[in-house]
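# Close look at the chain arrangement
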Amino acid sequence: MLQVNYIRENREEVIAGLTKKNFKQLALIDQIIQFDEQRRALQVSSDTLAAEANAIAKQIGELMKSGQKDAAEDLKQRSVAIKEQTKSQLETLASIETGLYDALVQLPNLPHASVPAGITPEENEVVYTWGDIPVLPENAKPHWELAADYDIIDFELGVKITGAGFPVYKGKGARLQRALINFFLDEAAAAGYKEMQPPIVVNAASGFATGQLPDKEGQMYYVGIDDLYLIPTAEVPLTNLYRDVILKEEELPVMNTAYTPCFRREAGSYGAHVRGLNRLHQFDKIEIVQIANPANSYQILEEMVKHVQGILEKLELPYRILRLCGGDMSFASALTYDFETYSTAQGRWLEVSSTSNFETFQSNRLKCRFKAKDGKNQLVHTLNGSALALPRIVATLLENNQTPDGIKMPKALIPYLGFDKI
RNA sequence: GGUGAGAUGCCUGAGAGGCCGAAAGGAACAGUUUGCUAAACUGUCGUACGGGUAACUGUACCGAGGGUUCGAAUCCCUCUCUCACCGCCA
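For the structure given in this document, a descriptive report is provided here. (Residues numbered from 1 in each chain as written. Chains lettered and ligands numbered in written order. Predicted model: local features only at pLDDT ≥ 70, side-chain atom pairs only at ≥ 80, totals over all residues. Heavy atoms only, no water.)

### What about the sheet that holds strand E14 (residues 369-371)?
Pairing in this open sheet of three strands is mixed, and the strands run E8-E14-E15 from one edge to the other. In this open sheet, the two strands that pair with only one neighbour each are strand E8 (246-248) and strand E15 (377-379). On average, each strand axis in the sheet is tilted by 40 degrees relative to the strand beside it, whichever way the strands run. (Pairing = 2+ DSSP bridges. Helix = DSSP H or I, 4+ residues; strand = E, 2+ residues; numbered from the N terminus. Axes fitted to C-alpha atoms, helices over the stretch in contact; angles between N-to-C directions.)

In C-alpha cells, the structure reads:
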C-alpha cells in the first residue's frame, strides 16, 4: 500500500510510475488526493469540537463539586448539542476514510527506476545468462515420462488420494526432495539467514498484511471451520512475524529463511504448459526474507540475487536472470528479478525463483517500522526470494541430466542424497 | 469438548466514573561519578492522525466493536483472543 503523504507530494512521479506498471485507473490518484484533503479538513474541525466538549465536561465536574448545579445544567445542554454535531462529522469522516482506503489498496507499488518499460513477459530484460544448455540424445524425455519410467514421482496416485496437482514422490524421488530441502536450507544458513519453522496455516490478519487478502482470496485454500488459510508461500508467515513491530535500527537487516510446503489453488490456470511438475497445488519451497533499512535495501537485493545464483551454479543448472518489465511485475513489487532454468527436454525456460524488493509497500500494511537514529519511526523495506522452489528444479535436474544409464545427480547434492544417479 | 480466570505502555503491574495517556518497579537510552566491570545518582523513555517555521499544541487509542453518561481504562452488551485445570490425543 502506498503512503498518502507520498502520493500527495509526488503526484506526477506516482502517475509516471503507475503508468510504467501498466496501471490504467489513474483517476484514482486525484481521487485519493481529494479524499485526503477532505479528511484532514474534517479532522481539524471534529478535533476542535472534541476539544471543546472535553473542556466543558471538565468544567461540569468542577461545578458539580462546588455545588453549582444550575450552571452545570446549562453546560450540559451545550455539551449535548456539541455531541450531535460531532457525531455527524465523525460519520462523514469515517466514510471518507473508507473511500480513501478503498482507493489506496487498489494502487500497485511504484516500480524502481531501473525497471524497464513494457507490458508482456517478452519485454522482460535478460540481465545475465549462465551455463551451457546440454545436448541431449534424440529420444530425450520430459520429466513426467522420466518420473514414470524410474517410478520416482506418481501423479496418478496423487489424484487418487487427493486430486490433480498433488503428486506422490516415491523412493529416490522422495529422497531427492528431502536432499534439496536440506541443501537449500544449509546454503541459506551459510549466507547468514536464520532458519525458522513457521506455521503453514495463517489467520486472515496475516493474509491481509502481505497482500493475499482480499484481492487473491480465491487463490488460497481456506479452512472454514477455523477460519484459517493454507499458506501459498513462506513469505506470509515469515513476513508476518514482524507485523506491528518496531525494530531498532541496529537490528536491521533481519534475515530469515524457512522451508515450507506451499499451497495454491491456481484457480483459472490451465493449458499445455502445466503438465507434470510445471504447476502444482502443493509444492515445497525454501524462502529467504529480509527486513531491511531503506538506505541499503537495493544492495541487499543484489546480495539475495547472488545467493540464488550460487545455488543454481552448484546444481549445475543453466539459468538466466530477468529484470521484469513494469507490466509483468507483481502488484506489490518495486523491482523483481526472476530466475529461469532451461528445461532442455521441454525446450523452454522455467521460472524457479522470484526475488523482489517491496520497499515500504508491505511494511505499510504490516506496520513494521524501525526507530531511526533521530528517534522517528520509519517504515522498513521488505524483500524476499525463493531459494528455491523445488518442482521445476527437479524437472530440469531430471531432464537435463538424463543419460542412457540413468539420471546423474549434481556433485553438490550427492552428500545429501546418498546416491549419485537415479 | 467441559469448567474457571483474564486481556492496561518494551516487560511486570496498580487503577474500579472527573484529579488518568495512565502509579510503581524493571528493562532500555543519555549524562554525571568511577582505574575497568559493577553500583549509585540525574534525566529521557507509547503509538497514530492533525495544527504550527519552531518552541509547542489538539484529538484518538487501556484486546475489538457497540451502548449508558455532561464525562468511561473504570458501568452495560456483543465478539475475539490468551491462560489454567479436566477430557481426548501425536
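Still to come is the rest of the account.
### Some points on the side chain of Glu187
Within the fold, Glu187 resides in helix H7 (residues 172-190). Leaving out residues up to four positions away in the same chain, Glu187 has contacts with His307, Ile311 and Lys314. (Contact = heavy atoms within 4.5 Å.)

### Thoughts on the sheet that holds strand E4 (residues 194-196)
Here we have eight strands laid out as an open sheet, ordered E1-E11-E12-E13-E16-E10-E9-E4, and mixed in their pairing. Edge strands, defined here as strands with exactly one partner in the open sheet, are strand E1 (125-130) and E4. If you compare each strand with its neighbour and ignore which way they point, the axes differ by 25 degrees on average. Taken strand by strand, helix H10 (residues 297-314) contacts E1, strand E10 (282-292), strand E11 (319-323), strand E12 (335-343), strand E13 (348-357) and strand E16 (381-389), and its axis lies near 5 degrees from that of E16. Its contacts with the sheet place helix H12 (residues 390-400) against E10, E12, E13 and E16, and it is angled at close to 30 degrees to E12.

### Thoughts on the pairing of strand E9 (residues 254-263)
Counting buried positions along E9 yields eight of ten residues, so the element is predominantly enclosed. Here E4 runs beside E9; their pairing, made up of three bridges, is parallel. Each bridged residue has a counterpart across the sheet, and for Met196 the counterpart in E9 is Ala258. Two elements, E9 and E10, share ten bridges in a ladder whose sense is antiparallel. Counterpart to Val254 in the pairing with E10 is Ile291. (Buried < 20%, exposed > 50% of the residue type's maximum accessible area, 1.4 Å probe, protein only.)

### Focus: the pairing of E16
In terms of burial, E16 is a largely internal element, nine of the nine residues being buried. Here E10 runs beside E16; their pairing, made up of seven bridges, is antiparallel. Bridge pairing in E16 links Ile288 to Gly385. Sheet analysis places E13 next to E16, joined by three bridges and oriented antiparallel. Bridge assignment links Asn357 to a residue of E16, and that residue is Leu383.

### A short note on the pattern of salt bridges
In total, this model carries 15 salt bridges according to the counting rule given. Between Asp149 and Lys141 there is a salt bridge, and its shortest N-O distance comes to 2.6 Å. Asp149 gets classed as partly exposed once you look at its relative accessible area, which sits at 47%. In this structure, the salt-bridge partner of Glu187 is Lys314, at a minimum N-O distance of 3.0 Å. Of this pair, Glu187 sits in helix H7 while Lys314 sits in helix H10, and the two are 127 residues apart along the sequence. Several salt bridges converge on common partners, so that one network encompasses Arg8, Asp36, Arg39 and Arg40. (Salt bridge = Lys/Arg side-chain N within 4 Å of Asp/Glu carboxyl O.)

### Considerations on the protein's contact with RNA strand B
Taken together, 20 residues lie around RNA strand B, and Arg39, Gln43, Ala57, Ser79 and Lys371 are the ones closest in. One of the side-chain nitrogen or oxygen atoms of Ser79 is found 2.4 Å away from a sugar or linking oxygen of RNA strand B. Contributions of two or more residues to the surface near RNA strand B are made by helix H3 (27-65), helix H4 (69-104) and E14. Of the residues forming the surface near RNA strand B, the biggest block, eleven residues, is contributed by H3. When grouped by side-chain class, the residues that make up the surface near RNA strand B number seven nonpolar, six polar and seven charged. (Near = heavy atom within 4 Å. Polar contact = N/O pair within 3.5 Å; in protein donor to acceptor, adjacent residues only side chain to side chain. Nonpolar A, V, L, I, M, F, W, Y, C, P; charged D, E, K, R; others polar.)

### Describing the packing of helix H2 (residues 11-20) against H3
It is at 10 Å that the axes of H2 and H3 come closest, and there the two elements cross at 145 degrees. Crossing handedness for the pair H2 and H3: right-handed. The segment H2 lies against H3, with Arg11, Val14, Ile15 and Leu18 engaging Ile29, Asp30 and Ile33. Among the residues making up the contact of H2 with H3, the classes are represented as five nonpolar, no polar and two charged. (Left-handed = near helix turned anticlockwise from the far one by under 90°.)

### Focus: the packing of H7 against H12
Relative orientation of the contacting elements H7 and H12 amounts to 115 degrees, with a least axis distance of 11 Å. With respect to each other, H7 and H12 are oriented roughly perpendicular. Classified by chirality, the crossing of H12 by H7 is right-handed. Touching Leu176, Gln177, Leu180, Ile181 and Phe184 of H7 are Leu390, Ile393, Val394, Leu397 and Leu398, all from H12. For the contact of H7 with H12, the residue count by class is nine nonpolar, one polar and no charged. (Parallel < 35°, antiparallel > 145°, perpendicular 65-115°, else oblique.)

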